[in-house]
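# Working through the structure, step by step
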Amino acid sequence: MGEQAVPWGQTPATGRMGHSTAAGHGTGTGRGAKVQGQGTVGLDPASVDRVARYSGFRPEIQGLRAVAVFMVVSYHIFLGRVSGGVDIFLLISAFFMTLSFVRKLEGGRPLQLGRYWLHTFKRLLPLAVITVLGTLVLTAIFFPPSRYQEVLDQSVATVTYTQNWELAFTQVDYYAADRSTASPLQHFWSLSVQGQVFLLWPLIFGLSWLIVKRTRLKVVPVLATAFGLVFVSSLVFSMITTTSQQEFAYFDTRTRLWEFALGSLLALVIPFLNPPQWLRVLLGWAGFISMILVGLVVDVQGAFPGWIALWPLLSAAAIMIAGQSNSPLGLDRIFASRALVKLGDASYALYLVHWPLLITYLVVRDRTQAGPISGVVLILMSLGLAIAATKFIERPLKKWKWPELTKPRLAGAVAVCLAVGLAPVLAWQGAIDNQVENAAMGPTVDNPGAYVLQPGFEFTGNAGAPALPLPGQLDRQSPNRGPSCPDDWNIPEVSQEQCTNATPEIQNPDRTILLIGNSQTEHWLDALRPLAEADNWRVVTYIGPGCFITSDQDQAFENCIPWLDGVDPLIDAVDPDLMVTTSTFTNSQVEYDRAGFVDRMQRYTDEGHRILGIRDIPRFDDWLIECAMDSGDPTDPECTGTHSMLGTPDPMQGMADENPLFSQIDLLDQVCPEQQCPASIGNVYVQRDGGHLTIPFTKSLAPVFAQRFTEAVESDGFDVPVQPDLPLPQDAEDTFDPTSDPTYF
């Protein structure tokens with residue numbers, strides 16, 4: 001989104017033109033406009049004429065901004081689609097910024113990059129910070145605790161203009177059908193991209209100034225060359241990455257630079273264009289109709305921000321080139337109207353407030369999209385808040401002259417904004433971190449988990465204790481797989497990256513266990529580890545998230561193919577006494593077979609390897625833990641799931657009965673007792689998402705896991721001398737151990 005484009009001066013008719021360095025403040029491309037006042041005193045007539053080319057107020061572009069923001073809001077609220085309006089804002093912001101700097105360069109005025117940067121963020125930050133603070137209040141009142149961490153992380157990213165990278169690296173689906181799951185600050189991604197360009201573009205202007213000064217080349221050709229190179233390289237990069245990794249590309253600053261470059265090129269070229277009146281009328285209406293149609297006609301989900309984004313941008317370019325037609329039939333008669341110009345003044349605030357209001361409404365009403373009536377109400381509320389914020393906050397701060405007197409004052413104003421925005425976020429984060437630091441990392445008498453399913457168990461803990469894991473622990477639910485396999489194990493290079501030693505304290509193991517598979521196998525590690533430690537076994541892990549021990553053709557991700565290539569070399573190098581893996585596969589509907597898995601297991605046992613298979617657990621599209629945390633009751637019966645695999649025989653038990661080197665265990669009765677899958681058991685949440693066990697629950701399964709593991713493998717001749725002694729800890733302190741820290745790769 002672009003910064004609000006409040007005119008930096010009055011219309012050319014007034015003869016009083018100001019100059020602003022804030023992008024989006026100032027426009028004007030009327031060829032031959034007369035310029036008076038600051039910036040032209042002492043210039044020769046030719047320089048005055050060149051400055052004049054890039055001066056003048058363009059109310060129709062302010063109206064274009066208003067229409068673009070209304071497209072964004074309407075499409076978000078009613079259609080859940082991408083309109084192209086955001087891309088138009090990026091274009092316009094670069095257009096205005098280029099005009100401002102060209103006037104300086106042509107007028108021989110200093111660029112004052114430091115002042116420009118400070119002034120720009122002094123203008124942008126106040127409303128952004130207020131929006132963040134308001135969103136934090138809405139989050140505390142209306143959002144479930146499971147959403148707090150996401151909002152806090154994105155609050156920091158918003159205030160520091162890194163939101164787009166936060167979303168890119170978390171692989172957010174911007175087109176998700178259920179908008180209620182989106183972050184209320186997700187829309188700040190475009191402002192972050194814009195903020196980064198506000199830092200980068202002045203450097204291009206500065207470099208161009210150096211070239212002009214040393215070579216005597218003209219300003220406009222140098223700038224056109226620079227932005228032309230940015231346009232071509234970024235557009236090509238955008239097309240390539242949008243095809244290969246669209247969700248990341250959507251938020252990547254590099255894939256958006258061409259949109260800004262196009263805006264800059266328009267700013268350089270338009271002053272030299274003088275189309276006839278009939279063509280201005282045609283361009284204006286054709287651009288408008290095309291701009292509206294793009295979001296309705298084209299399914300842009302898999303194409304933005306690639307070449308298809310040229311559609312809305314070229315449509316906007318046509319409107320900008322059309323300019324003021326002075327025709328009663330011209331689009332500019334509408335776009336330059338007082339109402340649209342005023343709405344353009346509030347466009348920045350409107351963009352800021354509409355998304356948090358929409359997401360909060362969807363969360364409160366438990367809906368995926370607003371209806372016709374609620375959508376209209378949300379738009380009216382957003383308009384009211386935007387107009388009020390513009391009138392009572394942005395304009396007074398804009399007129400406040402004191403910070404503008406010196407750069408230290410400007411820097412102080414920016415620092416104050418950052419402090420006000422970050423202080424409550426850091427305070428809230430500190431409170432969560434403190435709670436997490438003192439919370440149990442495994443089962444206790446207050447949170448016994450699967451212990452309650454053991455015969456004769458009596459609960460003696462605090463019935464009012466919060467369920468584990470706490471919301472602040474949810475991002476720490478990947479088991480600690482330990483350090484990388486040491487060099488002296490001679491692990492082949494193809495296998496080394498994902499090979500870890502999960503029991504590093506065991507130096508001279510009696511046996512070696514290889515835990516191998518994907519994340520469905522990984523989550524059993526904390527149930528296996530106590531048994532291994534009791535029997536002095538080394539546990540080696542080789543985990544490929546999303547990968548399967550089947551065939552290259554069966555892999556969903558490219559990185560799984562090299563992982564699969566490393567499976568056999570790793571088995572040869574480790575020579576495990578027992579391999580442990582998940583042996584069945586589930587989705588949210590059924591339990592199913594994967595082609596090639598059984599054949600591969602048979603090959604390994606034919607080679608003399610022992611294998612223990614673990615039946616998979618049910619998966620759910622709607623996360624049970626989110627349901628329970630949203631309701632505030634871990635035992636809410638509405639948050640209980642069911643699955644077609646429940647009550648059915650283990651499909652791999654037949655192989656276990658026939659093959660003495662293949663054993664199988666089934667723990668479904670512990671995860672889903674009585675063929676029902678509750679969100680929590682024994683005050684411990686069972687799954688951390690839609691198909692992976694939480695660490696506290698997995699640890700609470702350790703006694704039963706050890707028992708069934710022993711029964712399964714001993715019947716096939718694999719001796720288990722010692723069972724782990726696992727009394728239920730009395731308090732959180734007794735659950736702290738190094739294996740509670742997750743492993744990140």
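Residues numbered from 1 in each chain as written. Predicted model: local features only at pLDDT ≥ 70, side-chain atom pairs only at ≥ 80, totals over all residues. Heavy atoms only, no water.

### Details of the pattern of salt bridges
Tallied over the entire structure, the rule returns 18 salt bridges. Here Arg-256 and Glu-259 are joined by a salt bridge, their closest N and O atoms 3.3 Å apart. A salt bridge links Arg-688 to Asp-689, with the nearest nitrogen and oxygen atoms 4.0 Å apart. Considered together, Arg-688 and Asp-689 belong to a single accessibility category, that of buried residues. Overlapping salt bridges, with partners in common, bring together Asp-568, Arg-600, Arg-603 and Glu-607 in one network. (Salt bridge = Lys/Arg side-chain N within 4 Å of Asp/Glu carboxyl O. Buried < 20%, exposed > 50% of the residue type's maximum accessible area, 1.4 Å probe, protein only.)

### Re a negative patch on the surface
Together, Asp-366, Asp-621, Asp-622, Glu-626 and Asp-630 line one region of the surface with negative charge. You can call Asp-630 partly exposed: its relative accessible area is 46%. (Patch = residues over 30% accessible without salt bridge, like charges linked within 9 Å, V, L, I, M, F, W, Y side chains within 5 Å. Areas by Shrake-Rupley, 256 points an atom, 1.4 Å probe, with all protein chains shown as cover. Lys, Arg positive; Asp, Glu negative; His and termini not counted. Charge placed at Lys NZ, Arg CZ, Asp CG, Glu CD.)

### As for the confidence of the model for the protein
Detailed reading of the predicted model is not advised wherever pLDDT is low. Averaged over the protein, the pLDDT score is 89; the fraction of residues at 70 or greater is 90%. This stretch, residues 1-38, has a pLDDT under 50; its non-local contacts, to residues over four places away or in other chains, come to 136 contacts. (pLDDT = per-residue confidence, 0-100. Contact = heavy atoms within 4.5 Å.)

### Digging into the packing of aromatic side chains
In this description, an aromatic ring pair is defined by two values, namely the gap between the centres and the angle between the planes. Taken as a whole and judged by the stated rule, the model has 26 aromatic pairs. Look at Phe-205 and Phe-227: their rings are 5.5 Å apart centre to centre, the planes differ by 65 degrees, and that puts the pair in the edge-to-face class. Of this pair, Phe-205 sits in helix α7 (residues 189-215) while Phe-227 is found in helix α8 (residues 219-244), placing the two residues 22 residues apart along the sequence. Take Phe-205 and Phe-227: they sit in the same class, and that class is buried. Taking 5.2 Å as the distance between ring centres and 90 degrees as the angle between the ring planes, the aromatic pair formed by Phe-585 and Phe-597 counts as edge-to-face. Taken together, the residues Phe-585 in strand β5 (residues 585-586) and Phe-597 in helix α23 (residues 597-606) connect sequence positions twelve residues apart. Side by side, Phe-585 and Phe-597 carry an identical accessibility label, which is buried. Taken together, the ring pairs connect Phe-101, Tyr-116, Trp-201, Phe-205, Phe-227 and Phe-260 into an aromatic cluster. Looking at Lys-104, its charged tip hangs above the ring of Phe-101, at a distance of 5.3 Å from the centre. When the ring centre of Phe-718 is taken as reference, the NZ or CZ atom of Arg-511 above it lies at 4.0 Å. (Phe/Tyr/Trp six-rings, centres within 6.5 Å; stacked < 30°, edge-to-face > 60°. Helix = DSSP H or I, 4+ residues; strand = E, 2+ residues; numbered from the N terminus. Lys NZ or Arg CZ within 6 Å of the ring centre and 35° of its normal.)

### With respect to the side chain of Thr-253
By secondary structure assignment, the location of Thr-253 is in the loop between α9 (246-251) and α10 (257-269). Judged by its relative accessible area of 9%, Thr-253 falls in the buried class. A polar atom in the side chain of Thr-253 sits 2.8 Å from the side chain of Asn-164. Not counting residues within four places of it along the chain, the set of residues in contact with Thr-253 comprises Asn-164, Trp-165, Val-193 and Gln-196. (Polar contact = N/O pair within 3.5 Å; in protein donor to acceptor, adjacent residues only side chain to side chain.)

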